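Structural characterization, general
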Amino acid sequence: MPPSDPPAATAGPVGGDAPTEHVPRPAPAEDAAPPPPDGPRPTVHHLGDRAPTYAAEPGALPAADPAALDALVPDTVLEGARHGSHTLRAASVRGDSARYRGEHRRDFLLTARFGSGEDALVLVALAGGDRAAPGAADAAAELCRTVAAAVGRSRDRLAEDIRAGRRDALRSGLQRLTDRGYGRLRARAAELGLAETEYTAGLRGLLLPVDPRCRTRVCFGAGAGGLFRLRSGQWQDLEPGGPAEPPPAADGDAEGGPAFRFRASVARTGDVLLLCSGGLAEPMREEPALPEELAARWAEPEPPGLAAFLADTQLRLKGYADDRTAAAVWEA
């Protein structure tokens, strides 16, 4: 901020009619940092003509059980990394509705690096459940952990298939482990006496090779969520409407899980890949102001820091108060 004007000095006694003599403003220091060429990063309270119903900041804390404190879920989770030619930013934020009601965040975010050196594989898994379902939070966490454990055990084979471009093998392998994850959710729902729709979540996963020579990005998932790509300033929905391939039934099950989605593509320099839960995917598809604002904020080649990325994921719109979980990858 520029220095404020110093108080004016008067040439005569206070209350007199003598003219006032203003002291000139001092020149800025030569070593002061110049302002950004395009001005400071804009602060946006909300998008659209109407303000959201709920307050922007958290309200009541969720009720805690002293015998189950390990079940507490923080309001916000932030993660970031830089490997090879990509930079990762990820965040999971409790929705405005849950903040107002003092409820837990139901979305879950998991990031993991399996292996070391250029043979390592980075996994981002996120899941989000229906806020009206009693077991949504536990289902999202269990699904992410189940899938992540399976990916970690199969890391060598998956990394080899990605480098060799074996898309059919990747599709079938990831489809099997995804369906097994949903099979475990169905079994757990039966143990809890819940309907399958009350103990489930939408899943999105992203596999990123650490090797900078491998630019293949593999995305998979099922249920609610979305996958978008910002290329040359324009957003592309990589999961357009239409039927997705249903996975086969798990061992002994009469029916499989939700429709399976898979995409493997080669990243270009300057691409931004956005993976998100249903709470962010819906406004990305339904409210043009949101993708337009994000495209403007992410136009710079340098990825935003963690705090700036968190602010970007919390751009608010009236009618969208669910949890938001997002992972974005910037390609150098």
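The structure we're discussing is the one just above.
Residues numbered from 1 in each chain as written. Predicted model: local features only at pLDDT ≥ 70, side-chain atom pairs only at ≥ 80, totals over all residues. Heavy atoms only, no water.

What follows is about the overall build of the protein. Along the backbone of the protein there are seven helices and 13 strands. Of all 332 residues assigned to the protein, the portion counted as buried reaches 44%. Within the protein, contacts between residues separated by at least 24 positions form 69% of all contacts whose residues are at least 6 apart in sequence. (Helix = DSSP H or I, 4+ residues; strand = E, 2+ residues; numbered from the N terminus. Buried < 20%, exposed > 50% of the residue type's maximum accessible area, 1.4 Å probe, protein only. Contact = heavy atoms within 4.5 Å.)

Right, let's talk about the packing of helix H5 (residues 278–286) against helix H6 (residues 289–297) for a bit. Where H5 meets H6, the closest approach of the two axes is 6 Å, and the angle between their N-to-C directions is 100°. Classified by the angle their axes make, H5 and H6 are roughly perpendicular. Only Leu290, Pro291 and Leu294 of H6 make contact with H5, whose side of the interface consists of Leu280, Pro283 and Met284. Counted by class, the contact of H5 with H6 contains six nonpolar, no polar and no charged residues. (Axes fitted to C-alpha atoms, helices over the stretch in contact; angles between N-to-C directions. Parallel < 35°, antiparallel > 145°, perpendicular 65-115°, else oblique. Nonpolar A, V, L, I, M, F, W, Y, C, P; charged D, E, K, R; others polar.)

Strand pairing in a sheet relies on backbone hydrogen bonds, with the paired strands running either antiparallel or parallel. One open sheet accounts for six strands, arranged E3-E4-E13-E12-E9-E10; its pairing is antiparallel. Of all strands in the sheet, those bounded by a partner on one side alone are strand E3 (76–83) and strand E10 (234–237). Neighbour to neighbour, the strand axes of the sheet diverge by 15° on average, direction disregarded. On the sheet, helix H7 (residues 306–313) packs against E3, strand E4 (86–93) and strand E13 (324–331) and is oriented at approximately 50° with respect to E4. (Pairing = 2+ DSSP bridges.)

For Ser232, which is not glycine, the phi torsion reads 55° and is therefore positive. Within the secondary structure, Ser232 is located in the loop between strand E9 (226–231) and E10. Exposure remark for Ser232: the relative accessible area of 72% places this residue in the exposed category.

Moving on: the packing of aromatic side chains. Counted by the stated rule, this structure contains four aromatic pairs. Ring geometry for Trp298 and Phe309: centres 5.9 Å apart, planes at 20°, overall stacked. On the criterion of sequence distance, the pair formed by Trp298 in the loop between H6 and H7 and Phe309 in helix H7 is long-range, its members being 11 residues apart. A residue is classified by how much of its surface remains accessible, and Trp298, at 4% relative accessible area, is buried. Members of the aromatic cluster, joined through ring pairs, are Trp235, Trp298, Phe309 and Trp330. (Phe/Tyr/Trp six-rings, centres within 6.5 Å; stacked < 30°, edge-to-face > 60°.)

Formed by 34 residues in total, the largest nonpolar core has its most connected members in Leu174, Leu207, Val218, Phe220 and Phe262. Within the residue set of this core, elements represented by two or more residues are strand E5 (108–114), strand E6 (121–128), helix H2 (136–153), helix H3 (155–164), helix H4 (167–192), strand E7 (202–209), strand E8 (216–222) and strand E11 (260–266). At nine residues, H2 tops the list of elements feeding residues into this core. In this view, Phe220 contacts Val147, Leu174, Leu177, Thr178, Leu203, Arg204, Gly205, Leu206, Leu207, Phe260, Arg261 and Phe262; residues no more than four positions away in its chain are not counted. Core analysis: the second largest hydrophobic core is formed by 23 residues, Ala91, Leu280, Ala281 and Leu317 among them. (Core = buried A, V, L, I, M, F, W, Y, C linked by side-chain atoms within 4.5 Å.)

A few words now on the side chain of Arg316. Here Arg316 shows up in the loop between H7 and E13. Within the local environment of Arg316, its side chain forms a polar contact with the side chain of Asp96, the two groups lying 3.0 Å apart. (Polar contact = N/O pair within 3.5 Å; in protein donor to acceptor, adjacent residues only side chain to side chain.)

Within the open sheet, the five strands sit side by side as E5-E6-E7-E8-E11. Their pairing is antiparallel. Both outer strands of the open sheet, E5 and E11, are each paired with one neighbouring strand and no more. Adjacent strand axes in the sheet meet at a mean angle of 10°, parallel and antiparallel pairs treated alike. Bridge count for E5 against E6 is seven bridges, and the pairing is antiparallel. Within E6, the position partnered with Phe114 by the bridge is Leu121. H3 contacts E5, E6, E7 and E8 of the sheet and is inclined by roughly 105° relative to E6. On top of the sheet, H4 reaches E7, E8 and E11; it is set at about 145° to E11, its chief contact.

This part covers the environment of Glu287. Structurally, Glu287 is set in the loop between H5 and H6. C-alpha of Glu287 to C-alpha of Leu47: the two residues are 240 residues apart in sequence and 9.2 Å apart in space. The residues touching Glu287, leaving out its near neighbours within four places in the chain, are Leu317 and Tyr320. For Glu287, the side chain forms a polar contact with the side chain of Tyr320, separated by 3.3 Å.

This part is about H2. The terminal C-alpha atoms of H2 lie 26 Å apart, and with 18 residues this matches the ideal 26 Å at 1.5 Å per residue to within 8%. Along H2, the residues classified as buried are Ala136, Ala139, Ala140, Ala141, Glu142, Leu143, Cys144, Thr146, Val147, Ala148, Ala150 and Val151. If you follow the buried residues of H2, they end up packed against E5, E6, H3, H4, E7 and E8. (Expected span 1.5 Å × (residues − 1).)

Purely geometric numbers; function is a separate question.
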